[in-house]
Amino acid sequence: MRAQDLIAEDAELWYAAMHHPFLDGVRHGNLEPAAFSRWLVQDYHFALALTRAEARYLANAPREDFQVLLQGMEAMVAELGWFEQKAKEGSLELTAPIHPTARGFWQMAYSGDHA
Amino acid sequence: MRATAADLWRGNRDLADACLEHPFVQGLASGELPRERFRVYVAQDAYFLEAFARGYALALARCPDRQGLGVLKDLLVGVFEELQLHQGYAERWGISLSPEPLPATSAYCDFLLSTACLEPSGHTVAAMTPCMRLYAFLGQQLSSKLDPESPYREWVETYASADVDTLASRLEELLDRYGGAPERLAWLYRRAMALELAFFQAAWEAV
């Protein structure tokens, strides 16, 4: 199965996710700043978990896949820096409690023991 | 009080000096190391570095703070840059980088991976620091007596570089910050250093 097949399998959900009012607001520049701030703090939690998860995937991956996973990890660490910069600019508290939805993602990233 | 990374290095200088004085290592600077032995070493080291990369990845996944994510990511990138040195030699001299591991290589890989899988990040860092600090030390010590005609000049210059020294220092900072059970840290550090010496000896004896 390819990544594109996964999208095709859940095409409606994919479309809804891509056309959520939040993303429309980002696209059109009229998203309420408080909503963006909430997203930023919660996505930071997720990005932290994903960075650690990618490290575990690399630890278990075949040698030939190291490079692509390493690049993914590099991108994630750069993204964490971007979050931290944005949080500083907006005086946001990145240690704010994790929202249940973000926690769900977080647990999924940590649960990949089969990887 | 727990020993710092600097204390651990000082306490293991006997093994670091034994590595420096080893005929394999001296032969890198003089250029007198038989090429066949270097070929064995490069292949075994490439094999070892794969385990080293996995060890960093496991430490990264488990490290207790955000700062460690960035430092360990940079160290992981450093391993890949190191592998480019091996790939360069492999291409020039027709060396396969997928060898059967020698017993000394397996011992070191198994030690690193079992530590990284079973113990906290600080202990994993203690097992990985000797390699980084030792190679920075060897590069720096050898560079003053490097024969410019040595076919291993690139090896010496790579490990003598400021980048390698900086990476070793960043790893030592993590070791100092994370710490762990003092006796265990000391044992892991010394064990890794002994495995380094055995690694050079194995390449020396292989052919």
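For the structure itself, look to the data block above.
Residues numbered from 1 in each chain as written. Chains lettered and ligands numbered in written order. Predicted model: local features only at pLDDT ≥ 70, side-chain atom pairs only at ≥ 80, totals over all residues. Heavy atoms only, no water.

### Some remarks on the overall build of chain B
A count of helices and strands for chain B gives 10 helices and zero strands. Overall, chain B shows an N-to-C arrangement of helices and strands of α-α-α-α-α-α-α-α-α-α. Its C-alpha atoms give chain B a radius of gyration of 16 Å, near enough to 17 Å, the size a compact globule of 207 residues would have. Principal-axis analysis of the C-alpha atoms gives chain B an extent of 45 × 30 × 30 Å. Taking contacts inside chain B between residues at least 6 apart in sequence as the whole, the part at least 24 apart equals 84%. Carbon and sulfur atoms make up 51% of the accessible area of chain B, which totals about 8,300 Å². Between the averaged position of the 19 positive side-chain charges in chain B and that of its 28 negative side-chain charges there is a distance of 3 Å. (Helix = DSSP H or I, 4+ residues; strand = E, 2+ residues; numbered from the N terminus. Rg over C-alpha atoms; globule rule 2.2 N^0.38 Å. Contact = heavy atoms within 4.5 Å. Areas by Shrake-Rupley, 256 points an atom, 1.4 Å probe, with all protein chains shown as cover. Lys, Arg positive; Asp, Glu negative; His and termini not counted. Charge placed at Lys NZ, Arg CZ, Asp CG, Glu CD.)

### Thoughts on the packing of aromatic side chains
A complete count under the given rule lists 28 aromatic pairs over all chains for this structure. With a centroid separation of 6.1 Å and an interplanar angle of 70 degrees, the aromatic rings of Tyr44(A) and Phe83(A) are classed as edge-to-face. Taken together, the residues Tyr44(A) in helix H4 (residues 33-60) and Phe83(A) in helix H5 (residues 66-89) connect sequence positions 39 residues apart. Take Tyr44(A) and Phe83(A): they sit in the same class, and that class is buried. Between the aromatic rings of Phe38(B) and Trp93(B), the centroid separation amounts to 5.8 Å while the plane-to-plane angle is 75 degrees, which identifies the pairing as edge-to-face. Placement of the pair is Phe38(B) in helix H4 (residues 35-62) and Trp93(B) in helix H5 (residues 66-93), with a sequence separation of 55 residues. The same class applies to Phe38(B) and to Trp93(B), which are both buried. Sitting over the ring of Trp93(B), Arg35(B) keeps its end group 3.8 Å from the ring centre. Residue placement shows Arg92(B) over the ring face of Tyr89(B); its charged tip is 4.8 Å from the ring centre. (Phe/Tyr/Trp six-rings, centres within 6.5 Å; stacked < 30°, edge-to-face > 60°. Buried < 20%, exposed > 50% of the residue type's maximum accessible area, 1.4 Å probe, protein only. Lys NZ or Arg CZ within 6 Å of the ring centre and 35° of its normal.)

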